[in-house]
Amino acid sequence: MIRFLKGLILLPIAIVVVLLAVANRQPVMLSFDPFSDGTPAFSMPMPLYALIFAAVALGIVVGGIGSWLGQGDTRRDRRAKGRELARLRHEAERLRQAAPAAPGRTALPAPVSRA
């Protein structure tokens, strides 16, 4: 079912991406020199669809890095709680082995009825 839903969502997206690439094959000049009117120092012709795809990919990478950095506190807390959990499990196991319960006895007295 999940596979069908993925296909249902990704197929139209793939069709739009292919149509965008076919419709925008014309080369455009990409320049990183805003001060030169004539011949820029660094420029390169590339298809418009490649420029659009590169911008989208860069946005995804920057957004992913920002999200990962924003979750640093959560990851730190989770590691600390994992260490505390391991320490408490170790302590509980040590206490179980140190004081084995006598047969027929419970660790706590029976509850007293308040009726």
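- If you check an unreviewed UniProt entry, the protein appears there as DUF1049 domain-containing protein from Methylobacterium terrae.

Thoughts on the pattern of salt bridges
Once their charged atoms are close, side chains differing in charge can pair, the charge on each being opposite to the other.
Item 1. Under the definition given, this model contains 3 salt bridges.
Item 2. Residues R76 and D73 are paired through a salt bridge, measuring 2.8 Å at the closest nitrogen-oxygen approach. One end of the pair is R76 and the other is D73, both in helix α3 (residues 72-98) and 3 residues apart, which spans about a single turn.
Item 3. Residue D73 is classed as partly exposed on the basis of its relative accessible area, which comes to 47%.
Item 4. Of the charged contacts in the structure, one is a salt bridge between R96 and E93, with a shortest N-O distance of 3.3 Å. One end of the pair is R96 and the other is E93, both in helix α3 and 3 residues apart, which spans about a single turn.

Details of the packing of helix α1 (residues 2-23) against helix α2 (residues 48-70)
Item 1. Relative orientation of the contacting elements α1 and α2 amounts to 135 degrees, with a least axis distance of 7 Å. As the angle between them shows, α1 and α2 are arranged oblique. Facing α1, whose interface residues are V17, L20 and A21, α2 presents Y49, I52 and F53.

Here's the deal with the UniProt feature "transmembrane region" (unreviewed entry) in the protein
Item 1. Within the UniProt annotation, "transmembrane region" (unreviewed entry) is assigned to residues 49-69.
Item 2. Spanning residues 49-69, this segment combines 100% helix with 0% strand, and its end C-alpha atoms are found 30 Å apart.

The rules we used
- Numbers given to residues run from 1 along each chain, matching the order in which its sequence is written.
- Only residues with pLDDT of at least 70 are given local features in this predicted model, and only at 80 or more are side-chain atom pairs given and counted; all residues enter the totals for whole chains, interfaces and linings.
- Remark: hydrogens and water are excluded; side-chain values derive from all non-hydrogen atoms of the structure.
- One speaks of a salt bridge when a side-chain nitrogen belonging to Lys or Arg is within 4 Å of a carboxyl oxygen belonging to Asp or Glu.
- Numbering of helices and strands runs from the N terminus, with a helix taken as a DSSP run of H or I at least four residues long and a strand as a DSSP run of E at least two residues long.
- Note on exposure labels: buried denotes an accessible area under 20% of the residue type's maximum, exposed denotes more than 50%, and partly exposed covers the range between, all computed with a 1.4 Å probe on protein chains only.
- Angles shown run from 0 to 180 degrees and are taken between the N-to-C directions of axes, each axis being a line fitted to C-alpha atoms and, for helices, limited to the stretch in contact.
- Put simply, angles under 35 degrees are roughly parallel, angles over 145 are roughly antiparallel, angles from 65 to 115 are roughly perpendicular, and the rest are oblique.
- In this description, contact between two residues means that some pair of their heavy atoms is separated by no more than 4.5 Å.
- UniProt positions are given in the numbering used here, feature names are shortened, and annotations may be inferred rather than shown by experiment.

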